[in-house]
Amino acid sequence: MSARLAVHDLTKHYGGVQALRGVTLQVDAGEVLGVVGDNGAGKSTLLKILSGAVFPSAGEILLDGQPARFANPAAAHAAGVAAVYQDLALAGQRDVVANFFLGREKLAGNWLARRVGWLDGKAMAAHTESELARLRTRIPDVRASSRDLSGGQRQALAIARAAAWTSKVLLLDEPTSALGVEQQHQVLDLIRRVSTEGMAVILISHQMPDVLKVCDRAVVLRLGQVVATLSGAELTSENLVGYITGAMGEGEQ
Ligand SMILES: Nc1ncnc2c1ncn2[C@@H]1O[C@H](COP(=O)(O)OP(=O)(O)O)[C@@H](O)[C@H]1O
Ligand SMILES: [Mg+2]
């Protein structure tokens, strides 16, 4: 069976800078793959390529075994791949429901209302509530403005929104870096739940405890290359840090 998402020999140049040098990796449905590495290792570039925001210079992306070329994030989204970036892209002054449906507002069932473009607020609120409850997101009031939510609740909303509109692959860039301990746990639980439902998740993180807690496997990027893929008993903080810093792996390949 082919992986949900596979990347072969992905390369990206920015002028003279080689951000990615022949990256090969894969992630299955129901799996969380960690991507770790020092600043400048190429993590965000990889995520941007997978989400259709940036074009690779060379290499191949396969979605369920089929070659995929995403012209833009909307095309990636339509194919079932979505990213949550660090800025979350929430509309602060709008409520949770509006953010959940941002760009996908459901038109009211009534033909007249549909003609004038009214939105079916009740149905949207009910759908938002049920999705947030299903993922056990702790957001008590869907009519609250998103700027009044805690950092953890905002992150949870952004992830739940992406998961609700995405069918195959969820890409997360440092989802817990700005959060307190309790909120980190909630977001990690949410990531686990989303993956248990069958999503393939790629998680970029600097937080080694997060990677150990939630990832089935992790790849270490160093200077744009995969220097290690760790799982099982090899997936330890010592090994991750060793490969990230280059203390391990140099001269081994
Ligand atoms: N838009 C860009 N233009 C030029 N260089 C870039 C651009 N984006 C990233 N880079 C460079 O590519 C390399 C990898 O960056 P990035 O993917 O952001 O790494 P990471 O997310 O692991 O910190 C770095 O050397 C960075 O300076
Ligand atoms: Mg980055």
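Look a little higher up for the structure.
A few points on the structure. (Residues numbered from 1 in each chain as written. Chains lettered and ligands numbered in written order. Predicted model: local features only at pLDDT ≥ 70, side-chain atom pairs only at ≥ 80, totals over all residues. Heavy atoms only, no water.)

What follows concerns the overall build of the chain. Scanning the chain from terminus to terminus reveals 9 helices and 10 strands. Dimensions along the principal axes, computed over C-alpha positions, put the chain at roughly 70 × 40 × 35 Å. When burial is assessed residue by residue, the chain has 49% of its 253 residues classed as buried. Long-range contacts, defined here as pairs at least 24 residues apart, represent 65% of the contacts in the chain between residues at least 6 apart. Carbon and sulfur atoms make up 51% of the accessible area of the chain, which amounts to about 11,900 Å² in all. Mean positive and mean negative side-chain charge positions of the chain (25 and 25 charges, respectively) differ by 8 Å. (Helix = DSSP H or I, 4+ residues; strand = E, 2+ residues; numbered from the N terminus. Buried < 20%, exposed > 50% of the residue type's maximum accessible area, 1.4 Å probe, protein only. Contact = heavy atoms within 4.5 Å. Areas by Shrake-Rupley, 256 points an atom, 1.4 Å probe, with all protein chains shown as cover. Lys, Arg positive; Asp, Glu negative; His and termini not counted. Charge placed at Lys NZ, Arg CZ, Asp CG, Glu CD.)

This paragraph deals with the site of ligand 1. Around ligand 1, the structure places Y14, V17, A19, D38, N39, G40, A41, G42, K43, S44 and T45. A41 has a polar backbone atom sitting 3.2 Å from an oxygen atom of ligand 1. Within the backbone of S44, a nitrogen or oxygen atom sits 2.9 Å from an oxygen atom of ligand 1. Only strand 2 (17–27) and helix 1 (43–50) provide two or more residues apiece to the shell around ligand 1. A class-by-class count of the residues in the shell around ligand 1 yields 4 nonpolar, 5 polar and 2 charged. (Near = heavy atom within 4 Å. Polar contact = N/O pair within 3.5 Å; in protein donor to acceptor, adjacent residues only side chain to side chain. Nonpolar A, V, L, I, M, F, W, Y, C, P; charged D, E, K, R; others polar.)

One non-glycine residue, D9, lies in the positive phi region at around 55°. Even without being glycine, L223 reaches a positive phi, approximately 50°. Tracing the chain through its elements places L223 in the loop between strand 9 (217–222) and strand 10 (225–231).

Turning next to the sheet that holds strand 8 (residues 200–204). Strand order across the open sheet formed by 6 strands is 6-7-8-3-9-10, with mixed pairing between neighbours. The outermost strands of the open sheet, each flanked by one partner alone, are strand 6 (81–84) and strand 10. The mean inter-strand angle of the sheet, taken between neighbouring strand axes irrespective of direction, is 20°. Strands in contact with helix 9 (residues 237–245) are strand 3 (32–36), strand 9 and strand 10; relative to strand 9, the strand with the most contacts, it is inclined by about 20°. (Pairing = 2+ DSSP bridges. Axes fitted to C-alpha atoms, helices over the stretch in contact; angles between N-to-C directions.)

Attention now goes to the side chain of T45. The residue T45 is located in helix 1 in this model. When neighbours within four sequence positions are excluded, T45 is seen to be in contact with K12, Y14, A19 and L20.

All of the buried residues in helix 9 are N239, L240, G242, Y243 and I244. Looking at the buried residues of helix 9, the elements they touch are strand 3, helix 8 (208–214), strand 9 and strand 10. One or two positions beyond helix 9, positive phi appears at G246, with a value near 90°.

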